Amino acid sequence: MHIYDKSRIYWACRRGMLELDVAIMPFFKYEYDTLSDTEKKAFVGLLKSDDPDIFYWIMNYGAPADPDLKHIVTLIQQSHHERGPVAQ
């Protein structure tokens with residue numbers, strides 16, 4: 001997936017877990033365009049991870065070993081905290 005192919009990224013944001021959709025979809029909608037290319041690559045990389053791993057990281061039960069993924073998870077957590085669970 002290319003970092004500028006937003007329609008593919010949007011579909012990749014749709015996960016099998018509602019909890020992930022609630023965290024990832026608003027982040028993509030409101031924050032993705034403000035990310036650097038490096039952060040966009042890390043976000044796309046995060047979307048290639050398994051749902052249980054992403055859930056584990058977003059819920060702060062652990063952290064990915066990759067520092068770029070860890071940074072994106074932190075940004076998602078901060079965005080979710082600032083906007084609340086349902087961004088308008």
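Residues numbered from 1 in each chain as written. Predicted model: local features only at pLDDT ≥ 70, side-chain atom pairs only at ≥ 80, totals over all residues. Heavy atoms only, no water.

Draft legend 1. Fine view of the environment of F43. Here F43 lies in helix α3 (residues 37–47). Each C-alpha atom of the pair F43 and I76 lies 9.5 Å from the other, and the pair is 33 residues apart in sequence. Setting aside anything within four residues of it in sequence, one finds F43 in contact with I9, C13, I24, F27, F28, Y32, L35, I72 and I76. (Helix = DSSP H or I, 4+ residues; strand = E, 2+ residues; numbered from the N terminus. Contact = heavy atoms within 4.5 Å.)

Draft legend 2. Main features of the nonpolar core. By size, the foremost hydrophobic cluster in this structure holds 24 residues, and its most contacted members are I9, C13, I24, Y32, F43, L46 and I76. Secondary-structure elements contributing two or more residues to this core are α1 (6–13), α2 (18–31), α3, α4 (51–58) and α5 (67–83). Looking at which element gives the most residues to this core, the answer is α2, with 6 residues. (Core = buried A, V, L, I, M, F, W, Y, C linked by side-chain atoms within 4.5 Å. Buried < 20%, exposed > 50% of the residue type's maximum accessible area, 1.4 Å probe, protein only.)

Draft legend 3. The arrangement of the pattern of salt bridges in detail. Summed over all chains, the structure comprises 3 salt bridges. K6 is the partner of D33 in a salt bridge, and the nearest nitrogen-oxygen pair spans 2.8 Å. Of this pair, D33 sits in the loop between α2 and α3 while K6 sits in helix α1, placing them 27 residues apart in sequence. (Salt bridge = Lys/Arg side-chain N within 4 Å of Asp/Glu carboxyl O.)

Draft legend 4. Representation of the packing of aromatic side chains within the structure. Throughout the structure, instances matching the rule amount to 8 aromatic pairs. On the numbers, 6.4 Å between centres and 10° between planes, the contact of F28 with F43 is stacked. With a gap of 15 residues between them, F28 in helix α2 and F43 in helix α3 connect regions that are remote in the sequence. When its relative accessible area of 0% is taken as the criterion, F43 is described as buried. By way of ring pairs, the aromatic residues Y10, W11, F27, F28, Y32 and F43 are connected into one cluster. (Phe/Tyr/Trp six-rings, centres within 6.5 Å; stacked < 30°, edge-to-face > 60°.)

Draft legend 5. Spotlight on the environment of S79. Topologically, S79 is positioned in helix α5. On a C-alpha basis, the gap between S79 and I24 in space is 9.6 Å, while along the polypeptide they are 55 residues apart.

Draft legend 6. Just a nonpolar patch on the surface, in detail. Together, Y56, M59 and Y61 line one region of the surface with nonpolar side chains, adding up to about 330 Å² of accessible area. For Y56, a relative accessible area of 42% gives the class partly exposed. (Patch = residues over 30% accessible without salt bridge, like charges linked within 9 Å, V, L, I, M, F, W, Y side chains within 5 Å. Areas by Shrake-Rupley, 256 points an atom, 1.4 Å probe, with all protein chains shown as cover.)

Draft legend 7. Representation of the packing of α3 against α5 within the structure. Contact geometry of α3 with α5 gives a least axis separation of 9 Å together with a crossing angle of 90°. Between α3 and α5, the angle falls in the class roughly perpendicular. Packed against α3, whose contacting residues are E39, A42, F43, G45 and L46, the element α5 presents D68, L69, H71, I72, V73, L75 and I76 at the interface. (Axes fitted to C-alpha atoms, helices over the stretch in contact; angles between N-to-C directions. Parallel < 35°, antiparallel > 145°, perpendicular 65-115°, else oblique.)

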